[in-house]
Amino acid sequence: MIGDRDVTVFYDQRMLRHRPQAEEPFLPGRMNSRVRHILDGLGMQAKWSYPEHPGRVIAINDLLHAEPVPGVRFEAGRAATKRQLQRVHTTSYLESLHHLKGKQAWLDVDTTAVSAGSLEAAGVAAGSVVAAVDAVFEKRTGSAFVVSRPPGHHANAVRARGFCLFNNIAVGAAHAQACWDAERVLIVDWDAHHGNGTQDIFAADPGVLFFDTHRAAPFYPGTGRMEDIGEGLGEGVTVNVPLPGDAGDRAMIKAFEEILVPAAAWFRPDLVMVSAGMDAHINELCLTMTYDGFSALTGIVQHLADTYCDGRLVMALEGGYNPETLARCTRSTLEVMAGGAPSPLREPGVAEVAEIAEFHRSAFADMK
């Protein structure tokens, strides 16, 4: 029953300070001119706006307060320390970002950018995942969901990509390894885009099982082949499930039940973490999942956490760019984390057609 479990949602308004906009002046340089050239070539200079905007998480916060989920409470986040970030990012990369604090700059040709408040926002996003990890290990909460932005799973040790500056989920996992003696961390990434940064960071780490469902290449970022299974000592603990663009609830659930569940049984994690991108929803035009599908996936990962690690489950928001859809997907996920039963799958439209058929049936009953 919803409310039987306690869940902490980490939401911090400092993450709203990340506000890159194309019309604002950026630092002069080669990257700036390249990005401007790309936008001009698309004919979007006047209309383009940064897709990863504050309204995404504002919509989540507004919905969760307008329609509270029993058992869910809110807590402010905290900024990650330099030491916490250095566990997954190089010192040179962190220093290069630090020099951009308070400035606006393009960091990558896929239009990853920073504004004056971005470094503070990114630090809080990563630090809030660390806070969530502490909360579940300290048993202050059963599970936790971090409404984090900017997202993180495309950022690797040395590079910002795909709207991501720090790899939030990786920072949290490395903190669990270092400070909570978590020998085995399971990271599940159900974002429609492959978590290439997370894969790169833990490719050779046998203590992290990385499971990623995503739309197959050439869809952005074009990585995550089935054959990519890790490197060195980490070979075999990277599991990629590239999917066709029309894959939906049943394909995702089949992947989780037939690949993730036995992998977790073999791995026996001390902590389950989820890169919870919601852009696999059909409204996002990447894959064709529904709200019920996200509910079902949450049920599976919550069961894994209950089975192997005393319920310790930490989710961190990744993608999802339709604010209303993103908010509804998040709420559906939280309902299950809070003890609700996963929604039963249904074929969209079938129940509605049955109801309409019943309405019309009497009109033709007496026809010969």
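Fair warning: this is a prediction, and the values are worked out from it, not measured in the lab.

What follows covers the environment of proline 151. Mapping proline 151 onto the fold places it in the loop between β5 (143-146) and α6 (168-179). On the basis of relative accessibility, which here comes to 2%, the residue proline 151 falls in the buried class. Separated by 16 residues in sequence, proline 151 and asparagine 167 place their C-alpha atoms 7.5 Å apart. With residues up to four places along the chain from it excluded, the contact list for proline 151 reads Glu52, Phe163, Cys164, Leu165, Phe166, Asn168, Leu317 and Glu318.

So, on to helix α5 (residues 118-137). Counted at 1.5 Å a residue, the expected span for α5 with its 20 residues is 28 Å, and the 29 Å between its end C-alpha atoms agrees. The buried fraction of α5 amounts to 19 of the 20 residues, a majority that puts the element mostly inside the structure. Positive phi appears at lysine 139, one or two residues downstream of α5, with a value of about 65°.

A separate point is the packing of helix α2 (residues 55-66) against helix α10 (residues 323-337). Think of two packed helices as two axes; the pair is described by the angle between the axes and how far apart they sit. Look at α2 against α10: their axes get within 8 Å of each other, and the N-to-C directions meet at 50°. Considering their axes alone, α2 and α10 lie oblique with respect to each other. Judged by the twist between their axes, the crossing of α2 over α10 is right-handed. Mapping the contact onto sequence places Gly55, Arg56, Ala59, Ile60, Leu63 and Leu64 in α2 and Pro323, Leu326, Ala327, Arg328, Thr330, Arg331 and Leu334 in α10.

With that out of the way, let us pick up helix α1 (residues 30-41). The terminal C-alpha atoms of α1 lie 16 Å apart, and with twelve residues this matches the ideal 16 Å at 1.5 Å per residue to within 8%. Check the buried side of α1 and you find it contacts β3 (105-108).

One can find alanine 125 in helix α5. Accessibility expressed as a relative area gives 0% for alanine 125, which makes it buried. Expressed as a C-alpha distance, the spacing of alanine 125 and tyrosine 11, which sit 114 residues apart in the sequence, is 9.0 Å. Setting aside residues up to four positions removed in sequence, alanine 125 forms contacts with Met15, Val146, Ser148, Arg149, Pro150 and Asn168.

Following both chains from N to C, one finds α5 and α6 inclined at 40°, their axes separated by 8 Å at the closest point. When the interaxial angle is binned, α5 and α6 end up oblique. Judged by the twist between their axes, the crossing of α5 over α6 is right-handed. Each of Ala122, Ala125, Ala126, Val129, Val130, Val133, Asp134 and Phe137 in α5 lies in contact with α6, whose residues at this interface are Asn168, Ile169, Val171, Gly172, His175 and Ala176. Here the residues of the contact of α5 with α6 are counted per class, giving ten nonpolar, three polar and one charged.

What follows concerns the pairing of strand β1 (residues 7-10). Across the two faces of β1 the burial is the same, with Val7 and Val9 and Thr8 and Phe10 all buried. Inspection of the sheet shows β1 paired to strand β2 (residues 72-75) by four bridges, in the parallel sense. For threonine 8, the partnering residue across the bridge sits in β2 and is arginine 73. Across four bridges, the pairing between β1 and β5 is parallel. Within the sheet, the bridge partner assigned to valine 7 lies in β5 and is serine 143.

What follows covers the side chain of aspartate 108. Inspection of the secondary structure puts aspartate 108 in strand β3. Classification of aspartate 108 by relative accessible area gives buried; the value is 5%.

This part takes up the packing of aromatic side chains. Summed over the entire model, instances satisfying the criterion amount to seven aromatic pairs. Taken together, a centroid distance of 4.5 Å and an interplanar angle of 15° make the contact between phenylalanine 26 and tryptophan 106 stacked. Of this pair, phenylalanine 26 sits in the loop between β1 and α1 while tryptophan 106 is found in strand β3, placing the two residues 80 residues apart along the sequence. By relative accessible area, which is 10% here, phenylalanine 26 ends up buried.

If you look at the biggest cluster of nonpolar residues, it comprises 58 residues, and the most contacted ones within it are Phe145, Trp190, Phe256, Met278, Val301 and Met315. The element contributing the most residues to this core is helix α8 (residues 249-267), with eight residues. When neighbours within four sequence positions are excluded, phenylalanine 145 is seen to be in contact with Thr8, Val9, Phe10, Ala276, Met278, Met315, Leu317, Thr330, Thr333, Leu334 and Met337. The next biggest cluster of nonpolar side chains, apart from the first, holds 42 residues, and it includes Leu119, Val130, Val171 and Met273.

A separate point is the state of the cysteines. Two cysteines, two sulfur atoms, one covalent bond between them: this is a disulfide. This structure, assessed with the given rule, holds zero disulfides. For the unlinked cysteine cysteine 329, the closest cysteine sulfur is that of cysteine 286, found at 12 Å. Given a relative accessible area of 0%, cysteine 329 falls into the buried group.

Quick notes on the rules
- Residues numbered from 1 in each chain as written.
- Predicted model: local features only at pLDDT ≥ 70, side-chain atom pairs only at ≥ 80, totals over all residues.
- Heavy atoms only, no water.
- Helix = DSSP H or I, 4+ residues; strand = E, 2+ residues; numbered from the N terminus.
- Buried < 20%, exposed > 50% of the residue type's maximum accessible area, 1.4 Å probe, protein only.
- Contact = heavy atoms within 4.5 Å.
- Expected span 1.5 Å × (residues − 1).
- Axes fitted to C-alpha atoms, helices over the stretch in contact; angles between N-to-C directions.
- Parallel < 35°, antiparallel > 145°, perpendicular 65-115°, else oblique.
- Left-handed = near helix turned anticlockwise from the far one by under 90°.
- Nonpolar A, V, L, I, M, F, W, Y, C, P; charged D, E, K, R; others polar.
- Pairing = 2+ DSSP bridges.
- Phe/Tyr/Trp six-rings, centres within 6.5 Å; stacked < 30°, edge-to-face > 60°.
- Core = buried A, V, L, I, M, F, W, Y, C linked by side-chain atoms within 4.5 Å.
- Disulfide = S-S within 2.5 Å.

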